[in-house]
Amino acid sequence: MNNVTEFVLLGLSQNKKIKNLCFLLFLFCYIAIWMGNLLIMISITCSPLIDQPMYFFLNNLALSDLCYTSTVTPKLVTDLLAESNMISYTSCMAQLFAMHFFGGIEIFILTAMAYDRYVAICKPLHYTIIMNTQRCYTIVTASCTGAFLHSFFQCLLTINLPFCGPNEIDHYFCDVYPLLKLACTDTYRVGILVVANSGMMGLVTFVVLVLSYLLILYTIRAYPAESRTKALSTCSSHITVVVLFFVPVLFIYIRPTTTFPEDKVFALFYTIIAPMFNPLIYTFRNVEMKTALRKVWCQKLCFIGRQII
């Protein structure tokens with residue numbers, strides 16, 4: 001039996017002044033996310049960088065960032081101005097599915113980018129053969145498929161739960177653990193399956209990423225100083241993004257099905273802060289990306305100028 005047709009999202013705070021401040025802050029963040037990621041996508045697509053696997057994956061990462069944050073942030077921003085933050089049962093399940101789907105894509109693409117760097121640095125002579133165009137498209141397709149399966153099973157576990165009331169979710173979006181807390185049944189077994197699905201996926205992926213970067217660091221020891229510096233500069237951008245995204249994710253999903261007030265703060269890191277800083281991290285630490293930005297946008301501005309004249 002399911003007596004709940006809608007949920008109440010309690011959000012980040014009930015204080016009016018804090019809500020107004022958060023509205024301005026997260027509205028700015030959302031605009032910055034769109035501007036930064038669109039800038040990267042247009043710059044890569046309109047330049048020869050799109051033919052390089054690293055930037056092909058970065059282009060897909062920027063797209064997944066936009067989709068991922070758009071499943072949560074618009075609702076958060078509008079709710080900060082609303083008196084009552086209601087979400088229907090159907091919309092709640094749809095948000096849960098979309099969030100884990102695009103989040104799963106992001107996790108798998110970050111893994112693909114780490115693999116790309118591993119092949120480029122540890123097996124440079126075989127790089128063009130291993131990371132050919134067909135394989136890159138196959139990796140992205142596999143990432144979407146894996147993310148869909150992860151999200152499907154996550155939602156399947158949640159949809160089968162009975163909700164009899166109360167219907168207040170102590171979060172700013174619909175997620176599994178807050179929903180398990182509201183279910184009027186024993187959720188111990190479901191909680192273990194959720195940890196196995198989300199927590200273990202995040203942990204295994206994080207371990208694979210760490211091992212790949214350790215192998216890269218071990219390999220570049222014998223490189224000349226200039227090559228070593230270039231490799232470290234590229235990898236440091238990836239490592240920064242991985243830490244910014246994975247540490248909060250693991251904090252929330254690797255533990256048993258319990259919720260803490262701090263969860264909402266940690267969730268901000270992977271839903272808003274990481275997608276906002278990813279373009280800055282990859283642009284300012286990457287010479288090729290900065291060169292592409294200058295060429296693409298200077299050409300566009302010059303073309304617009306000639307049209308006006």
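Quantities reported herein were computed from a predicted structural model and do not represent experimental measurements.

1. Some words on the side chain of His-150
Next, step 1: Counting through the fold element by element, His-150 comes out in helix α6 (residues 133–159).
Next, step 2: The contacts of His-150, once residues within four sequence positions are left out, are His-100, Asn-197, Ser-198 and Met-201.

2. Brief notes about the state of the cysteines
Next, step 1: For the structure on display, the rule yields two disulfides.
Next, step 2: Among the cysteines of the chain that take part in disulfides, numbered as they appear in the sequence, the pairing is 1-3, 2-4.
Next, step 3: With no disulfide of its own, Cys-67 lies 9.8 Å from the sulfur of Cys-144, the closest cysteine sulfur.
Next, step 4: Note on Cys-67: relative accessible area 26%, which makes it partly exposed.

3. Considering the packing of aromatic side chains
Next, step 1: One pass over the full model with this rule turns up 18 aromatic pairs.
Next, step 2: Among the aromatic side chains, those forming a connected cluster through ring pairs are Phe-97, Phe-101, Phe-102, Phe-148, Phe-152 and Phe-153.

4. A short note on the environment of Ser-91
Next, step 1: If you trace the backbone, Ser-91 turns up in helix α4 (residues 89–122).
Next, step 2: Among the residues examined, Ser-91 registers a relative accessible area of 37% and is labelled partly exposed.
Next, step 3: In this structure the C-alpha to C-alpha distance between Ser-91 and Glu-6, which are 85 residues apart in sequence, comes to 8.7 Å.
Next, step 4: Only 2.8 Å separates the side chain of Ser-91 from the side chain of Ser-88, close enough to count as a polar contact.

5. A short note on the pairing of strand β1 (residues 6–9)
Next, step 1: Judged from the three bridges that link them, β1 and strand β2 (residues 86–88) form a sheet pairing that is antiparallel. Its bridge partner being in β2, Glu-6 is matched across the sheet by Ser-88.

6. Comments concerning the packing of helix α2 (residues 53–70) against α6
Next, step 1: In the contact formed by α2 and α6, the axes pass within 10 Å of each other and the chain directions differ by 25°. Comparing the axis directions of α2 and α6 gives the class roughly parallel. As α2 packs across α6, the resulting crossing turns out to be right-handed. Two secondary-structure elements touch here, α2 through Pro-53, Phe-56, Phe-57 and Asn-60 and α6 through Cys-136, Tyr-137, Ile-139 and Val-140.

7. Here's the deal with the confidence of the model for the chain
Next, step 1: Taken as a whole, the chain shows an average pLDDT of 86; of its residues, 93% reach a score of 70 or greater.
Next, step 2: Confidence scores differ between elements of the chain, with helix α11 (residues 287–308) showing the lowest mean pLDDT of 65 and α6 the highest of 93.

8. Here's the deal with the nonpolar core
Next, step 1: The biggest cluster of nonpolar side chains holds 67 residues, and the ones touching the most others in it are Phe-26, Phe-57, Leu-58, Phe-245 and Tyr-270.
Next, step 2: Ranked by residue count, the leading element in this core is α4, at eleven residues.
Next, step 3: If near-sequence neighbours (up to four positions away) are discounted, Tyr-270 is found in contact with Tyr-68, Phe-173, Asp-175, Phe-245, Pro-248, Val-249, Ile-252, Tyr-253 and Pro-275.
Next, step 4: In this structure, Leu-96, Cys-174, Tyr-177 and Val-194 belong to the second largest nonpolar core, which totals 23 residues.

9. Details of empty space enclosed by the protein
Next, step 1: Applying the stated criterion across every chain yields a total of two cavities of 30 Å³ or more.
Next, step 2: Surrounding the largest cavity, 14 residues form its lining, His-100, Ile-107, His-150, Val-249 and Tyr-253 being those nearest its centre.
Next, step 3: Put simply, the parts of the chain that give the lining of the largest cavity at least two residues each are α4, α8 (188–219) and α9 (225–253).
Next, step 4: Ranked by the residues each element gives to the lining of the largest cavity, the list is headed by α4, at five residues.

The rules behind these values
Residues numbered from 1 in each chain as written. Predicted model: local features only at pLDDT ≥ 70, side-chain atom pairs only at ≥ 80, totals over all residues. Heavy atoms only, no water. Helix = DSSP H or I, 4+ residues; strand = E, 2+ residues; numbered from the N terminus. Contact = heavy atoms within 4.5 Å. Disulfide = S-S within 2.5 Å. Buried < 20%, exposed > 50% of the residue type's maximum accessible area, 1.4 Å probe, protein only. Phe/Tyr/Trp six-rings, centres within 6.5 Å; stacked < 30°, edge-to-face > 60°. Polar contact = N/O pair within 3.5 Å; in protein donor to acceptor, adjacent residues only side chain to side chain. Pairing = 2+ DSSP bridges. Axes fitted to C-alpha atoms, helices over the stretch in contact; angles between N-to-C directions. Parallel < 35°, antiparallel > 145°, perpendicular 65-115°, else oblique. Left-handed = near helix turned anticlockwise from the far one by under 90°. pLDDT = per-residue confidence, 0-100. Core = buried A, V, L, I, M, F, W, Y, C linked by side-chain atoms within 4.5 Å. 1 Å grid on protein atoms, 1.4 Å probe; cavity = no way out; pocket = protein on both sides within 12 Å on 5 of 7 lines; lining within 4 Å. Points joined across faces, edges and corners; volume = space filled by probe spheres on them.

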